[in-house]
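Take a look at the letters that make up each chain.
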Amino acid sequence: MALLPITPPAGIIKNGTDYANKGRWVDGDLVRFENGYLKPLGGWTYFREKPVGTFFVGTVTTASSSANITITTTVAHGLAVGNTIVLEGFAATGGITATEINATFTVASVPSTTTFTVATTGSGTSAATSSSSRVIQPATPIGMYSYKANNGEEILAIGTRSGVNVFYNDIWYDITPAGFSGDDVITSTGYGAYHYGVEDYGDERSTSALNFDTKSFSFDNWGEHLVFCFAGDGKIYQWRPDAGSGSPDTIATAITNAPTGCQAVIVSNERHLIAIGAGGDPRKIAWSERENNTNWTASAINSAGDLQIPTGGKANYAVKYKGDIIIFTDVGINKLVYVGNPFVYGIQDAGTNCKAISSRSIVSSGDFLSWISENSFFTYDGVVKELKSDVHDYIFDNLQQNTQQSTFGAHNIDYNEIWWFFPVGDVDQFSPNKYIIWNYLDNSWSIGSLNRSSWIDQGVFNNPIACDADGYVYEHDKRALFNSPGIGSRKPFCITGPLEISNGDRVAQVNQILPDEETTTLPGVTLNFSGKFTPLGATTDFGSFTFESDGYIDARFSARQVQMKVEGSLTQDFQVGNIRLDVKARGRRW
């Protein structure tokens, strides 16, 4: 009996052809590689069961013998027919139950600027009006930040395309500043916005091929105060969890005297508030007086000041790295260093021809930074280095150029992973729906599909927190994949490229399969084998195999090369080791 090990080395490879990647994993979903072993991703649960977005206060009015309800808001809602809204916290009213009211709806009509109607699944028994509660217009989250207040309570800030939400002291707030300019107006769909000859001449297009110039949030904390800037708005805002009476600010407000027209904001280790692209000058870096974020005017008796990036690039974003601040431009990166009085800060070139594809794609993992560029990956650990990726073709052959700025990165410290999410599909796929994972400890890669628009690593919270494009917030790596919202019938799987089980023109016969898996309850995985006589020949399905405690299963199939699919269970973790085949050499024919 000749036992042939067939489990590939860790990591999925998507560059080149499947046959060029023989003996390796070439496809998969919902799996990761840890310490060299194939494992499933952790599952996720709702962190909040209703979406984030714009919060209104409103009442619900029912009518007798009608499923329709009228919602009246205290301020102009700005909704249109067809918009999605969510009702939260309403009691049963007029014979329609709380469950039937507190649901997701499509706006049916808009009688006025403060009223709209929706159709429930219930039927009113009387005309009645509820007490006030929350009306939500969901928005796509595009930035997150977390820290702890002085009282030890966790604060989670979520920037969406329409505003900013905060979770504090177990309460959700909409702290969107008055007059805030959001990212919720997408690319124009007017005449000429899509391909010539598509749809009727002169009509507004139903979709757009123009670039979706989505902007990014930058968050930090000034002590226990949240500070943030949205590049599409340009102002620097502050929100206080304690406004002086023990209660938080109702909304965020612009910091007095802070520059406008900014691209980003960051707090330095020396306690200066630093504005990137200050005053609308694309190369200007300005900072406040130390410990005083309302004084931005330089003088002989304070440490406020500004400088210009010496390269020709536009400053887009900034990230702390050890004792320095790394500024990302549309050319490369610069390093802002503290030099003390009288200049306070100096700036140095740190790398060129390495610009980030999106400010959101920049990931800090402590010892290094990493990001996606236009056709490659880069890291920075004091020196810029190009990162060779086994899944380069998977992302850059599929990424939509007009929506690539939606690409974002995330760190998962528990698994030594950096994730990048990116949009794939039609030109109107504005939010990421695919991902790649880089295990930087093992230098292995994985891929898959998942609707996520922002992510923050564990630290303040026990697990990573992520959001999807519909505004729902999840806690990741919480449990097994079973019952994870939105997972449906999907299962974790990984597929190999061709596994050559015979030499030359000989055919091999497989008599037994000997698995090597670790799981709570057998069978933990299912193996499926298919085979070919030549690389471009027809594929024959040899069937699926599961395993019990005896540790092997009989099989009977012949081929020159086989392909293996490992499919795992949703209800438990598993680990795939060294799978072996009992093979016997045969002749030149099947």
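All of the points below concern the structure found in this document.

Quick word on the overall build of the protein chain
Phase 1 of the analysis: If you tally the helices and strands in the protein chain, you get two helices and 50 strands.
Phase 2 of the analysis: Its C-alpha atoms give the protein chain a radius of gyration of 28 Å, near enough to 25 Å, the size a compact globule of 590 residues would have.
Phase 3 of the analysis: With respect to the principal axes defined by its C-alpha atoms, the protein chain has extents near 85 × 75 × 60 Å.
Phase 4 of the analysis: Here the protein chain holds 590 residues, and the buried ones make up 54% of them.
Phase 5 of the analysis: Taking the contacts inside the protein chain whose residues are at least 6 apart along the sequence as the reference set, 60% of them involve residues at least 24 apart.
Phase 6 of the analysis: Carbon and sulfur atoms make up 45% of the accessible area of the protein chain, which totals about 24900 Å².
Phase 7 of the analysis: Of the charged side chains in the protein chain, 42 are positive and 60 negative, and the gap between their average positions amounts to 6 Å.

Quick notes on the sheet that holds strand β43 (residues 508–514)
Phase 1 of the analysis: Pairing in this open sheet of four strands is antiparallel, and the strands run β1-β50-β43-β47 from one edge to the other. Each of the sheet's edge strands pairs with one partner strand only, and the pair in question is β1 (2–5) and β47 (553–559). Ignoring strand direction, the axes of neighbouring strands in this sheet form an average angle of 35°.
Phase 2 of the analysis: Relative to β47, β43 runs antiparallel, the two being bridged by five bridges. Looking across to β47, one finds that A508 is bridged to A559.

What to know about the side chain of S502
Phase 1 of the analysis: Tracing the backbone through its elements, the reader meets S502 in the loop between β42 (499–500) and β43.
Phase 2 of the analysis: On the accessibility criterion, S502 (15% relative accessible area) is buried.
Phase 3 of the analysis: At a separation of 2.5 Å, a polar atom in the side chain of S502 contacts the main-chain carbonyl oxygen of R506.

Considering the packing of aromatic side chains
Phase 1 of the analysis: This model, assessed by the stated rule, comprises 39 aromatic pairs.
Phase 2 of the analysis: Ring centres of Y145 and F219 lie 6.5 Å apart, and the angle between their planes is 10°; this geometry places the pair in the stacked category. Remark: F219 occurs in strand β18 (residues 217–222) and Y145 occurs in strand β14 (residues 141–148); sequence separation between them is 74 residues. The same class applies to Y145 and to F219, which are both buried.
Phase 3 of the analysis: Chaining the aromatic ring pairs together yields one cluster made of Y145, Y147, F180, F217, F219, F228, F230 and Y237.
Phase 4 of the analysis: The cationic tip of R32 hangs over the ring face of Y415; the distance from NZ or CZ to the ring centre is 3.6 Å.
Phase 5 of the analysis: Stacked on the ring of F493, the Lys or Arg K565 has its end atom at 5.0 Å from the ring centre.

Concerning the sheet that holds strand β31 (residues 369–372)
Phase 1 of the analysis: With antiparallel pairing, four strands are arranged side by side in an open sheet as β30-β31-β32-β33. Among the strands making up the open sheet, the edge pair consists of β30 (363–364) and β33 (384–387).

Observations concerning the environment of Q405
Phase 1 of the analysis: Secondary-structure assignment places Q405 in the loop between α2 (392–396) and β34 (408–412).
Phase 2 of the analysis: Residues Q405 and S216, 189 residues apart in the sequence, show an inter-C-alpha distance of 9.1 Å.

Here's the deal with empty space enclosed by the protein
Phase 1 of the analysis: Applying the stated criterion across every chain, the model contains two cavities of 30 Å³ or more.
Phase 2 of the analysis: Forming the walls of the largest cavity are S268, N269, E270, K320, G323, D324, I325, L336, V337, Y338 and Y345.
Phase 3 of the analysis: Contributing elements (two or more residues each) for the lining of the largest cavity: β27 (324–329) and β28 (332–340).
Phase 4 of the analysis: The biggest single contributor to the lining of the largest cavity is β28, with three residues.
Phase 5 of the analysis: Residues belonging to the lining of the largest cavity are distributed by class as follows: five nonpolar, three polar and three charged.

A word on the pattern of salt bridges
Phase 1 of the analysis: Counted under the stated rule, the structure contains 14 salt bridges.
Phase 2 of the analysis: Between D477 and R32 there is a salt bridge; the shortest N-O distance is 3.4 Å. Of this pair, D477 sits in the loop between β40 (473–476) and β41 (493–496) while R32 sits in strand β3 (residues 31–34); the two residues are 445 residues apart in sequence, bridging distant segments of the chain. A single burial state applies to D477 and to R32, both of which are buried.
Phase 3 of the analysis: Residue K565 is joined to E567 by a salt bridge in which the shortest nitrogen-to-oxygen separation is 3.9 Å.
Phase 4 of the analysis: Overall, the relative accessible area of 29% leaves K565 in the partly exposed class.
Phase 5 of the analysis: When its relative accessible area of 27% is taken as the criterion, E567 is described as partly exposed.
Phase 6 of the analysis: Through salt bridges with shared partners, a single network forms among R32, E417 and D477.

Reading the values: the criteria
Residues numbered from 1 in each chain as written. Predicted model: local features only at pLDDT ≥ 70, side-chain atom pairs only at ≥ 80, totals over all residues. Heavy atoms only, no water. Helix = DSSP H or I, 4+ residues; strand = E, 2+ residues; numbered from the N terminus. Rg over C-alpha atoms; globule rule 2.2 N^0.38 Å. Buried < 20%, exposed > 50% of the residue type's maximum accessible area, 1.4 Å probe, protein only. Contact = heavy atoms within 4.5 Å. Areas by Shrake-Rupley, 256 points an atom, 1.4 Å probe, with all protein chains shown as cover. Lys, Arg positive; Asp, Glu negative; His and termini not counted. Charge placed at Lys NZ, Arg CZ, Asp CG, Glu CD. Pairing = 2+ DSSP bridges. Axes fitted to C-alpha atoms, helices over the stretch in contact; angles between N-to-C directions. Polar contact = N/O pair within 3.5 Å; in protein donor to acceptor, adjacent residues only side chain to side chain. Phe/Tyr/Trp six-rings, centres within 6.5 Å; stacked < 30°, edge-to-face > 60°. Lys NZ or Arg CZ within 6 Å of the ring centre and 35° of its normal. 1 Å grid on protein atoms, 1.4 Å probe; cavity = no way out; pocket = protein on both sides within 12 Å on 5 of 7 lines; lining within 4 Å. Points joined across faces, edges and corners; volume = space filled by probe spheres on them. Nonpolar A, V, L, I, M, F, W, Y, C, P; charged D, E, K, R; others polar. Salt bridge = Lys/Arg side-chain N within 4 Å of Asp/Glu carboxyl O.

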